[in-house]
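As a plain string of letters, each chain reads:
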Amino acid sequence: MFNDSLEKSDVDVFNAIVSEDNRTAEGLELIPSENFPSKSVLQALGSVMNNKYAEGYPFFRKKDGTVEWDKTGRYYGGNRYIDVVEKLAIERAKKLFGAEHVNVQPYSGSPANIEVYFALLVFGDRIMGMSLDHGGHLTHGHPVNFSGRAYNFVQYGVDEESNLLDYDNIRKMAEREQPKLILSGATAYPRTIDFREFADIAKDVGAISMSDIAHIAGLIVGDAHPSPFPFTDVVTTTTHKTLRGPRGAMIMCKKDFAQKIDKAVFPGMQGGPHEHAIAAKAVAFNEALQPGFKDYARQIVKNAKALADGLMSHGFKLVTDGTDNHLILVDLRNKNITGKEAEAALDEAGITVNKNTIPYDTGTPWNPSGIRLGTPAITTRGMKESEMKTVAELISKAIDVADDDSLLEKVRGNVRELSERFPIYS
Ligand code: DSN
């Protein structure tokens, strides 16, 4: 089937893919939202499942809301094998998280979040979410995002002293603002999130509780972070971060919300589901159901703690002075370098991180005072605590010589030596 290889048919794209493969193989991928899925996941993703239209669901929903799994709910013919994979993805996701209902069709995390709001609220309704500059996400109500334009978001942040979530303040805000939905979850919060407390606050003010667990889904599956199940009403996640699947997302919810959520995903926001991605999700969920995944998840956290300790021993100041999860937020103000400059210097040295605001940053998202890094991808490669010491040392060296290209090149050599001992796709 693949006789005409990409190399022959499109050498430009082929070469770019090979270069990207080399870049990741020789470098250290420390962006906390990235990972390396298995070859099996990539195989499903690059399969004929890409070719099919399957608008609808692999079950038929009757007018009273109940579903029949042996009847088709598709608007196109030819979906018997597509139904097999979508059912597998749903069943496996339910088992993985203990969810009552799962929709595996969301194209990615942002659409998934918007689909939840669209399903359960009306435009202009009040929602509480974490502000982006304190660690939330664009879709948690940022004014430039659809979420912030279509809904009336009130945003909480972290405490100015401790940089931790202050649940008493969040409760007071909820009592004052009376939101219809309270959203928990973050993209740059290095500490444990108390989902139980969030759900209790929501319940007490009569709001729907929603958690966006995109960053920590794999940790939750691996018992390395407390779960928002079974008490949270709706939970969204991407599938490509700590969960180590294909790019994509899913929405999990209590049964009572199932019909509304499904209707908001299709036909509300999306058309044909990306069934190649859904097949790859099914593969990834099966991998995450294996006992070894728990070891992986725990190692991510052990590595993050070791990397945090290593960085602090080199004089780096970390937001909250450490981490409980997979990510580390570095406050660079004592190092006389901005997040943007540090990202560029580390990139030259083969270390990929992203510039990031720190809480109460006086810089901008384009030129912030921090960098964000994490351990999911390097843990997938098999690195452990002893390598984290070396990684911290290499980061420190690169920051120290940020202005000197030839010294950065030397660090790059050390990065390559370390990386090549831990192949990704051998
Ligand atoms: N863009 C993702 C991240 O890097 O955290 C969130 O969706």
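Refer to the structure printed above.
All of the points below concern the structure found in this document. None of these values were measured; they are calculated from a predicted model.

A few points about the overall build of the protein
Within the protein, the regular secondary structure consists of 16 helices and 17 strands. Relative to the 2.2 N^0.38 estimate, which gives 22 Å for 426 residues, the radius of gyration of the protein is 22 Å and therefore close to what a compact globule would have. Considered along the principal axes of its C-alpha atoms, the protein spans approximately 65 × 65 × 40 Å. For the protein, with 426 residues in total, the buried portion stands at 55%. Residue pairs in contact within the protein that sit at least 24 positions apart in sequence constitute 72% of those at least 6 positions apart. By element, 50% of the accessible surface of the protein is carried by carbon and sulfur atoms, the whole surface being about 18,900 Å².

Examining the environment of Pro-267
Checked against the element boundaries, Pro-267 lands in helix H10 (residues 258–269). Accessibility expressed as a relative area gives 56% for Pro-267, which makes it exposed. Remark: the alpha-carbon pair of Pro-267 and Gly-56, spanning 211 residues in sequence, is separated by 7.9 Å.

Digging into the sheet that holds strand E9 (residues 181–184)
The strands making up a sheet associate through hydrogen bonds between their backbones, and the pairing can be parallel or antiparallel. Pairing is mixed across the open sheet formed by 7 strands, whose spatial order is E6-E12-E11-E10-E9-E7-E8. Of all the strands in the sheet, just strand E6 (101–103) and strand E8 (152–156) have a single pairing partner and so form its edges. Strand-to-strand twist across the sheet, computed as the mean angle between neighbouring axes with direction ignored, equals 20°. Pairing between strand E7 (residues 126–130) and E9: 2 bridges, direction parallel. Bridging from a neighbouring strand, Ile-127 pairs with Leu-181 of E9.

A short note on unusual backbone geometry
In terms of backbone geometry, most residues other than glycine have negative phi values and most peptide bonds are trans. A cis amide bond, omega 0°, links Phe-229 with the succeeding residue Pro-230. On the secondary structure map, Pro-230 appears in the loop between helix H9 (217–221) and strand E11 (234–238). In this chain, Phe-266 is followed by Pro-267 through a cis amide linkage whose omega measures 10°. The phi dihedral of Arg-244 falls on the positive side, at around 65°, and the residue is not glycine.

Notes on the packing of helix H7 (residues 167–177) against helix H8 (residues 195–204)
Axes are the key here: two packed helices are described by the angle between their axes and the distance separating the axes. For the pair H7 and H8, the least separation of the axes is 10 Å and the interaxial angle reads 20°. By the angle between their directions, the pair H7 and H8 is classed as roughly parallel. Crossing handedness for the pair H7 and H8: right-handed. Where H7 abuts H8, its residues Tyr-167, Ile-170, Arg-171 and Ala-174 lie against Glu-197, Phe-198, Asp-200, Ile-201 and Asp-204. Residue composition of the contact of H7 with H8, grouped by class: 5 nonpolar, no polar and 4 charged.

Observations regarding the site of the ligand
Taken together, Ser-33, His-137, Thr-187, His-215, Lys-241 and Arg-372 make up the full set of residues adjacent to the ligand. Residue His-137 places a side-chain N or O atom 3.1 Å away from an oxygen atom belonging to the ligand. Here an oxygen atom of the ligand and a side-chain polar atom of Arg-372 are 2.7 Å apart. Contact with the protein chains removes 64% of the 230 Å² of surface that the ligand exposes when unbound. A breakdown of the residues in the shell around the ligand according to their chemical character gives no nonpolar, 4 polar and 2 charged.

Some words on the environment of Pro-246
Along the chain, Pro-246 turns up in the loop between E11 and strand E12 (249–253). On the basis of relative accessible area, Pro-246 is assigned to the buried category, the value being 2%. The spacing of Pro-246 and Ala-284 is 38 residues in sequence and 7.6 Å in space, taken between C-alpha atoms.

So, a nonpolar patch on the surface
The grouping of Phe-118, Phe-123, Phe-146 and Met-269 at the surface amounts to a nonpolar patch, some 400 Å² of accessible area in total. Structurally, Phe-123 is set in the loop between helix H5 (109–120) and E7. Note on Phe-123: relative accessible area 53%, which makes it exposed.

Some thoughts on helix H12 (residues 292–313)
The end-to-end C-alpha distance of H12, which contains 22 residues, comes to 31 Å, matching closely the 32 Å that a straight helix rising 1.5 Å per residue would cover. A positive phi of about 85° marks Gly-315, the residue just after H12.

Examining a negative patch on the surface
A surface patch of like charges, here negative, comprises Glu-341, Asp-347, Glu-348, Asp-403, Asp-404, Asp-405 and Glu-409. Of all the secondary-structure elements, those providing two or more residues to the negative patch are helix H13 (339–348) and helix H16 (405–420). The greatest single-element share of the negative patch, amounting to 3 residues, is contributed by H13. Overall, Asp-403 belongs to the exposed group, its relative accessible area being 79%.

Criteria and cut-off values
- Residues numbered from 1 in each chain as written.
- Predicted model: local features only at pLDDT ≥ 70, side-chain atom pairs only at ≥ 80, totals over all residues.
- Heavy atoms only, no water.
- Helix = DSSP H or I, 4+ residues; strand = E, 2+ residues; numbered from the N terminus.
- Rg over C-alpha atoms; globule rule 2.2 N^0.38 Å.
- Buried < 20%, exposed > 50% of the residue type's maximum accessible area, 1.4 Å probe, protein only.
- Contact = heavy atoms within 4.5 Å.
- Areas by Shrake-Rupley, 256 points an atom, 1.4 Å probe, with all protein chains shown as cover.
- Pairing = 2+ DSSP bridges.
- Axes fitted to C-alpha atoms, helices over the stretch in contact; angles between N-to-C directions.
- Parallel < 35°, antiparallel > 145°, perpendicular 65-115°, else oblique.
- Left-handed = near helix turned anticlockwise from the far one by under 90°.
- Nonpolar A, V, L, I, M, F, W, Y, C, P; charged D, E, K, R; others polar.
- Near = heavy atom within 4 Å.
- Polar contact = N/O pair within 3.5 Å; in protein donor to acceptor, adjacent residues only side chain to side chain.
- Patch = residues over 30% accessible without salt bridge, like charges linked within 9 Å, V, L, I, M, F, W, Y side chains within 5 Å.
- Salt bridge = Lys/Arg side-chain N within 4 Å of Asp/Glu carboxyl O.
- Expected span 1.5 Å × (residues − 1).
- Lys, Arg positive; Asp, Glu negative; His and termini not counted.
- Charge placed at Lys NZ, Arg CZ, Asp CG, Glu CD.

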